[in-house]
Amino acid sequence: MIIPVPRLSRAGQRLAAGLFLLLLVALATALIAGRLDAADGEAEPDAIGSGTLLLQGKGVAEAMPAVRLGTDMDVTVSGQIARVRVTQAFRNTSASWMEATYLYPLPESGAVDSLKMVVGQRVIVGRIKRRVEARDIYEKAKAEGKKAGLVEQERPNMFRNSVANVGPGETVLIQIEYQAPVRQQGGEFSLRLPLVVGPRYVPPQSMADATAVADAGAVTAPLADPKLGKSLNPVSIAVHLAPGFAPANLISPYHKVAISDDGPQARTIRLADGSVPADRDFELRWRSATADPVLGVWHQKQHGKHYVMAAITPPTADAIGPVPPREMIFVIDNSGSMAGDSMAEAKKSLLHALDTLRPQDRFNVIRFDDTLTLLFEAPVAASADQVAIARRFTEGLDANGGTEMLPALKAALVDADPGSTMLRQLIFLTDGSISNEREMLEEVGAHAGRSRIFMVGIGSAPNNYLMTRMAEVGRGTYTNIGSAAEVEARMTALLDRLKAPAVRNLKVAVSGSAMEIVPADLPDLYAGEPLVLLGRADDLAGTLVVSGLIGDKPWRTEVRLADAIDSPAVARLWAKRRIDDVEVTRWMHVVNDATADETIAQLGLGFALVTSQTSLVAVDETPSRPAGERLRREELPLLLPAGWDFDVLFGGAGAKGKADVPGGGASVPEEEVEQVELPETATGFLGTIGQGALLLVAGLVGLWLMHRRGGRVPA
Amino acid sequence: MSIVPGLWGVRVFGRGLGRFVLAGLCFAGLMLIAKGAWIPAKAAVAQLLLERAFDRSLAAHAPVKAWGWADTAPVARISVPRLGRRQIVLGGGSGEAMAFGPTLLPAGAEAGEDGTTIIAAHRDTHFAFLGELRVGDAIDVEAVSGKRRRYRVARMAVVRWDGFNVQRHPARATLALASCWPLGAQARGPLRYVVWAVEG
């Protein structure tokens with residue numbers, strides 16, 4: 001056997017040359033792509049490395065603020081409605097005249113309707129004005145040295161208080177009041193008082209114009225460095241509970257409380273420790289000592305109109321037959337804001353849910369931070385093997401990076417078979433710490449199709465507004481998990497509810513009077529979740545009829561409007577709910593921005609509510625700051641929500657966004673600070689030389705190879 | 001055996017074309033290297049010319065252009081005695097000027113004056129030394145007006161290009177030297193490195 005060595009080697013050479021050419025093409029492509037990228041670098045404002053949560057320039061406060069804040073919350077629960085009085089004391093510990101602003105959360109269903117500013121013995125009552133007008137009044141008073149207070153809404157659940165001209169050593173009280181309906185789920189009532197705004201991730205691509213940048217600045221605040229301790233912004237809470245029945249199973253899952261009896265049907269609940277740091281939401285839950293209470297109807301007459309609130313509880317779902325196969329898409333947030341306890345809770349919740357999948361179900365898992373992974377390209381059958389893969393995937397998740405939720409939502413909404421009647425459920429596990437809520441809701445509004453969206457809010461201070469609205473627009477429900485101990489109970493309850501909606505195709509009709517009812521778009525009802533309807537009518541007569549389908553059987557229930565109990569809160573709750581509805585129509589592009597803004601402004605002015613378009617402003621006409629004294633501005637830092645990991649959020653970027661003034665603390669007079677844009681300062685010549693060298697070497701090696709081959713084979 | 005003659009012609013033709021492509025590749029590589037090398041060469045040569053122009057400017061107490069067609073003129077000289085670095089700063093703050101030397105940003109104060117003076121330069125040419133600066137280092141600024149100031153490095157910071165705030169009337173004259181961050185990287189990015197120095 002003679003092996004034709006030269007010929008084989010020639011073939012080998014040809015192969016080598018072919019491979020080499022391929023390599024060249026790849027190299028050239030990479031170079032060109034690389035250059036294009038480099039050219040695009042400036043257009044993309046945030047090519048920042050992952051591993052940091054981007055906070056819009058507010059950074060970390062390392063020194064105690066000059067203005068100290070204390071908050072007291074006094075809550076009165078009567079029946080289904082909670083009225084909350086929040087008093088914030090701004091105490092100036094410095095020797096200068098100060099302006100302070102504080103960003104704080106309220107329940108997403110809360111409606112702020114009162115502002116009082118207390119200066120010494122004087123009480124100044126705030127007036128409702130259009131947002132711009134209120135801001136002007138405040139700025140003018142500030143410039144004239146008068147004390148002024150301003151309440152503005154930054155998000156439906158996020159407000160900012162500003163107080164100007166607080167003298168050295170002086171204390172100014174800002175008192176706001178709001179009301180919110182008590183939440184009821186599966187026979188349990190709950191009241192949630194958010195105490196801190198979690199730092200929000202601002203997606204860089206959402207910062208397209210100056211308005212967006214200003215908006216991102218409005219929803220963020222400096223964070224207190226953990227080394228400052230937890231003594232900042234202490235909160236004391238008292239709840240006077242009069243639910244209309246004897247309360248039982250009274251629990252405060254996240255704070256130690258002391259309970260005292262005020263009679264058979266009333267309790268007073270206070271924090272056991274007097275005051276707590278404002279770093280996690282306060283929640284109170286109770287049940288009825290007797291059978292589940294039958295909820296009724298409430299009524300208020302205002303300016304000649306009748307307002308009605310009705311809570312309709314669907315029948316308990318014992319009649320559900322075998323659960324049909326479902327397609328379940330789990331979306332889990334493993335961004336930096338989840339680092340710490342939240343990630344452990346989210347993983348545990350997801351593992352629990354995976355265990356309940358049956359072989360006839362289909363499922364997929366999507367995880368996201370500022371990147372995104374789909375476990376399977378498309379939903380797969382929930383066989384034992386596939387579920388095992390998903391379990392391993394889940395167990396390996398680590399929290400890091402930014403929170404780009406929109407791409408994950410889009411991926412989850414991709415539906416291969418939109419016409420199918422199979423139940424398709426999206427289960428989102430996240431803390432919702434993002435600032436582009438509107439983009440998310442628009443996406444759900446436009447593309448939910450047959451998918452139902454269930455939000456599981458994780459952590460000590462989730463963004464309840466985003467959660468509630470996404471669940472509502474996505475026709476699902478919202479469940480909150482605030483500690484690891486709750487995972488099992490809450491997830492079991494949620495997964496039970498998910499098996500089938502208790503009532504579908506809901507319709508509401510009123511016989512006897514024409515009534516304007518919100519929400520206009522009725523959700524599916526799930527077992528244990530009451531439907532809260534708010535209506536406005538010219539006269540109060542007839543019955544409210546709610547009908548729908550349980551399984552395939554029709555169901556209906558009636559409420560006699562004449563039975564309504566008087567309550568002074570109903571009109572404003574109606575207005576607040578109506579505003580939410582207007583926001584929904586805005587996301588669905590049913591109405592344009594100008595119309596929506598004007599409708600909201602009219603509702604805000606008419607009912608004296610703080611909205612996105614209206615603010616409360618109070619001015620003490622007595623000038624207090626002497627002319628010539630300078631005013632210093634301070635934005636009060638917030639505590640990091642409990643369980644968040646400071647180092648993951650700010651890992652390696654501790655210096656970023658600090659007040660960039662040498663020796664300057666957090667408080668430098670506003671008019672003294674100027675923002676300067678820094679130019680792009682890199683020539684990148686080493687890169688250019690490197691690319692040139694690569695090309696040169698490639699060319700030379702190629703020529704050398706050809707030369708060798710040419711020498712061996714005579715032409 | 002039989003396939004070889006069939007491919008023969010293709011190979012001969014392919015070889016000519018291949019040589020041509022490869023030669024082109026070598027040429028493109030050389031051009032890129034030259035283009036890359038031109039940048040630091042230009043930066044270094046310009047500084048020599050600018051040094052002369054600065055001395056003339058000092059004598060004239062007014063900016064004198066280094067070469068006839070230059071669109072900016074020297075406004076100051078900064079030096080770091082510990083590192084033995086000296087550089088001529090150009091006015092205007094434009095990207096073109098930055099190819100020749102550090103530039104004074106018009107948003108800040110004039111060189112050597114009260115307030116905050118901001119100077120920016122490329123991280124891989126004139127301001128490659130920013131990484132070597134330490135807190136306490138002296139930085140001297142000599143303006144064309146003849147005014148001299150000595151600043152001391154107070155601290156360093158990494159900020160976003162649009163997240164940089166300066167105080168208009170600081171208690172002491174302040175100097176900020178800015179360049180892209182990370183200093184050694186090739187990719188563009190939103191971060192900037194700032195060395196803060198105060199007079200004294």
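Residues numbered from 1 in each chain as written. Chains lettered and ligands numbered in written order. Predicted model: local features only at pLDDT ≥ 70, side-chain atom pairs only at ≥ 80, totals over all residues. Heavy atoms only, no water.

Draft legend 1. Broad picture of the pattern of salt bridges. All names here are of chain A. Under the defined criterion, the tally for this structure stands at 53 salt bridges over all chains. Residues glutamate 472 and arginine 469 are paired through a salt bridge, measuring 3.3 Å at the closest nitrogen-oxygen approach. One end of the pair is glutamate 472 and the other is arginine 469, both in helix H8 (residues 464-473) and three residues apart, which spans about a single turn. Each of Glu99, Arg131, Arg135, Glu139, Lys142, Glu152, Glu154 and Arg160 takes part in a single network of salt bridges with overlapping partners. (Salt bridge = Lys/Arg side-chain N within 4 Å of Asp/Glu carboxyl O. Helix = DSSP H or I, 4+ residues; strand = E, 2+ residues; numbered from the N terminus.)

Draft legend 2. Region of the structure containing the pairing of strand S28 (residues 478-481) of chain A. All names here are of chain A. Side chains Tyr478 and Asn480 project from S28 onto one buried face, and the interleaved Thr479 and Ile481 project onto a second face that is buried too. Strand direction decides the pairing type here: strand S27 (residues 451-458) and S28, joined by four bridges, are parallel. From the neighbouring strand, valine 456 faces S28, where its bridge partner is threonine 479. (Buried < 20%, exposed > 50% of the residue type's maximum accessible area, 1.4 Å probe, protein only. Pairing = 2+ DSSP bridges.)

Draft legend 3. Molecular detail of the confidence of the model for chain B. All names here are of chain B. Here chain B averages 81 in pLDDT, and 92% of its residues register 70 or above. With pLDDT under 50 throughout, residues 1-10 is counted as low confidence; its partners more than four residues away or in other chains account for seven contacts. The ipTM value of the predicted complex is 0.78, and its pTM value is 0.59. (pLDDT = per-residue confidence, 0-100. Contact = heavy atoms within 4.5 Å.)

Draft legend 4. Representation of the environment of threonine 101 of chain A. Residue and element names in this part refer to chain A. Relative to the helices and strands, threonine 101 is located in strand S4 (residues 97-105). Since its relative accessible area comes to 0%, threonine 101 is described here as buried. Taking the C-alpha atoms as reference, threonine 101 lies 9.4 Å from proline 637; in sequence the two are 536 residues apart. If near-sequence neighbours (up to four positions away) are discounted, threonine 101 is found in contact with Arg160, Asn161, Ser162, Arg633, Glu634, Glu635 and Leu636.

Draft legend 5. Structural context of the confidence of the model for chain A. Residue and element names in this part refer to chain A. With 79% of its residues at a pLDDT of 70 or more, chain A shows a mean pLDDT of 78. For residues 1-8, every residue scores under 50 in pLDDT, and the model assigns this stretch two contacts once sequence neighbours within four places are set aside. Within the model, the stretch residues 30-57 combines pLDDT values under 50 with 49 contacts to residues more than four positions away or in other chains.

Draft legend 6. Up close: the sheet that holds S4 of chain A. Residues and elements named next belong to chain A. Pairing in this open sheet of six strands is mixed, and the strands run S7-S35-S8-S9-S4-S36 from one edge to the other. A single partner strand is all that each edge strand has here, and the edge strands are strand S7 (127-130) and strand S36 (631-635). Shown here is a sheet whose adjacent strand axes are inclined to one another by a mean of 25°, direction ignored. Direction of pairing for S7 relative to strand S35 (residues 614-623): antiparallel, over a ladder of four bridges. Within S35, the position partnered with lysine 129 by the bridge is serine 615. Relative to the sheet, helix H11 (residues 593-607) contacts S7 and S35, its axis offset from that of S7 by approximately 165°. (Axes fitted to C-alpha atoms, helices over the stretch in contact; angles between N-to-C directions.)

Draft legend 7. Just the packing of helix H4 (residues 341-355) of chain A against helix H9 (residues 487-498) of chain A, in detail. Residues and elements named next belong to chain A. Interhelical geometry of H4 versus H9 gives an angle of 45° and a closest axis separation of 10 Å. Taken as axis vectors, H4 and H9 run oblique relative to one another. For the pair H4 and H9, the sense of crossing is right-handed. Between H4, through Glu345, Lys348, Ser349, His352 and Ala353, and H9, the contact on the second element is made entirely by Val487, Glu488, Met491, Thr492 and Leu495. Taken together, the residues of the contact of H4 with H9 break down into four nonpolar, three polar and three charged. (Parallel < 35°, antiparallel > 145°, perpendicular 65-115°, else oblique. Left-handed = near helix turned anticlockwise from the far one by under 90°. Nonpolar A, V, L, I, M, F, W, Y, C, P; charged D, E, K, R; others polar.)

Draft legend 8. Region of interest: the sheet that holds strand S19 (residues 282-288) of chain A. All names here are of chain A. Read across the sheet, four strands follow the order S11-S12-S19-S15 without closing on themselves; strand pairing throughout is antiparallel. Each edge of the open sheet is held by one strand with a lone partner, namely strand S11 (183-185) and strand S15 (247-251). Looking at each pair of strands side by side, their axes are set apart by 25° on average, direction ignored. Relative to S19, strand S12 (residues 188-193) is paired through five bridges, and the arrangement is antiparallel. When the sheet's bridge partners are listed, arginine 192 is paired in S19 with glutamate 283.

Draft legend 9. Representation of the pairing of strand S6 (residues 148-160) of chain B in the model. Residues and elements named next belong to chain B. The pairing of strand S5 (residues 138-143) with S6 spans five bridges and is antiparallel. The partner of alanine 138 across the bridge, within S6, is arginine 152. What sits between S5 and S6 in their antiparallel hairpin is a turn of four residues, with glycine 146 showing a positive phi close to 100°. Of the pairings in the sheet, the one linking S6 to strand S9 (residues 191-199) comprises nine bridges and is antiparallel in character. Residue pairing for S9: arginine 160 is matched across the bridge by leucine 191.

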